[in-house]
Amino acid sequence: MFFEENIYSHEVVGIFLISLSLIIYGLKQFLSRDSSVKGFSLAIITGCFIASYSIVDGYGARVTQNPIFFYSTMTLINGLIFYFYAKWKDRDIIKRIFISGKRSFFIGGTASYAAYGIVVWACLFLPIAVVSSIRETSILLGFFLKEKINLIKSFLIVGLFLRVG
């Protein structure tokens, strides 16, 4: 039991199978190409970061019992850190992003905020490990299957999450 989460045996098996599949896929990529140990190591480190922020965000949503407020606060803090870092690295980058990428900035930012907000909200109802596994798997499936989102699929996704709540 971690953070007072009760994970059922079938959920543990599912998480194990997802993790094992990703590891096998990574090893296959590593062995079949001229990949380096550095790339494989960076993938492992990335996985550790994803696990870390998933735990922090899921637990933060539970502690506050207000996932939207929690995630909004974290997003504002991250945005401020990014702003000051970007200004320090390149004084004109924020202006260039806003002028040349305004549409991507607002549409992509809104979609990203909504998608991860739903993930954080789901952590109130399901074990964090299960939510994180499903999230990462859905990203991979969408990438590999070249899944296109449309209005009907959007309504289905919203309906699914409203049903969970």
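Look above for the structure.
Computed from a predicted structure; not experimentally measured.

Peer 1: Would you mind going over the nonpolar core with me for this structure?
Peer 2: Across soluble globular proteins, nonpolar side chains show a tendency to be buried alongside one another. Ranked by size, the top nonpolar core spans ten residues in total: Ala61, Phe70, Tyr71, Tyr116, Val119, Val120, Ala122, Cys123, Ile128 and Val131. Of all the elements in the fold, those that place two or more residues in this core are α3 (67-89), α5 (102-122) and α6 (128-144). The dominant element in this core, judged by the number of residues it contributes, is α5, at four residues. Setting aside chain neighbours within four positions, we find Val131 in contact with Val119, Ala122, Cys123 and Leu126.

Peer 1: Just to check I follow, could you spell out the pattern of salt bridges for this structure?
Peer 2: Between side chains of opposite charge, a pair can form when the charged atoms approach closely. Counted under the stated rule, the structure contains one salt bridge. The salt bridge partner of Arg96 is Asp90, with a shortest N-O separation of 2.5 Å.

Peer 1: Is there a simple way to explain a nonpolar patch on the surface in this structure?
Peer 2: A surface patch of nonpolar side chains, about 460 Å² in accessible area, is lined by Val13, Phe16, Leu17, Leu20 and Ile24. Following the sequence through the fold, Val13 ends up in helix α1 (residues 9-32). Residue class for Val13 comes out partly exposed when judged on its relative accessible area of 45%.

What counts, and where the lines are drawn
Residues numbered from 1 in each chain as written. Predicted model: local features only at pLDDT ≥ 70, side-chain atom pairs only at ≥ 80, totals over all residues. Heavy atoms only, no water. Core = buried A, V, L, I, M, F, W, Y, C linked by side-chain atoms within 4.5 Å. Buried < 20%, exposed > 50% of the residue type's maximum accessible area, 1.4 Å probe, protein only. Helix = DSSP H or I, 4+ residues; strand = E, 2+ residues; numbered from the N terminus. Contact = heavy atoms within 4.5 Å. Salt bridge = Lys/Arg side-chain N within 4 Å of Asp/Glu carboxyl O. Patch = residues over 30% accessible without salt bridge, like charges linked within 9 Å, V, L, I, M, F, W, Y side chains within 5 Å. Areas by Shrake-Rupley, 256 points an atom, 1.4 Å probe, with all protein chains shown as cover.

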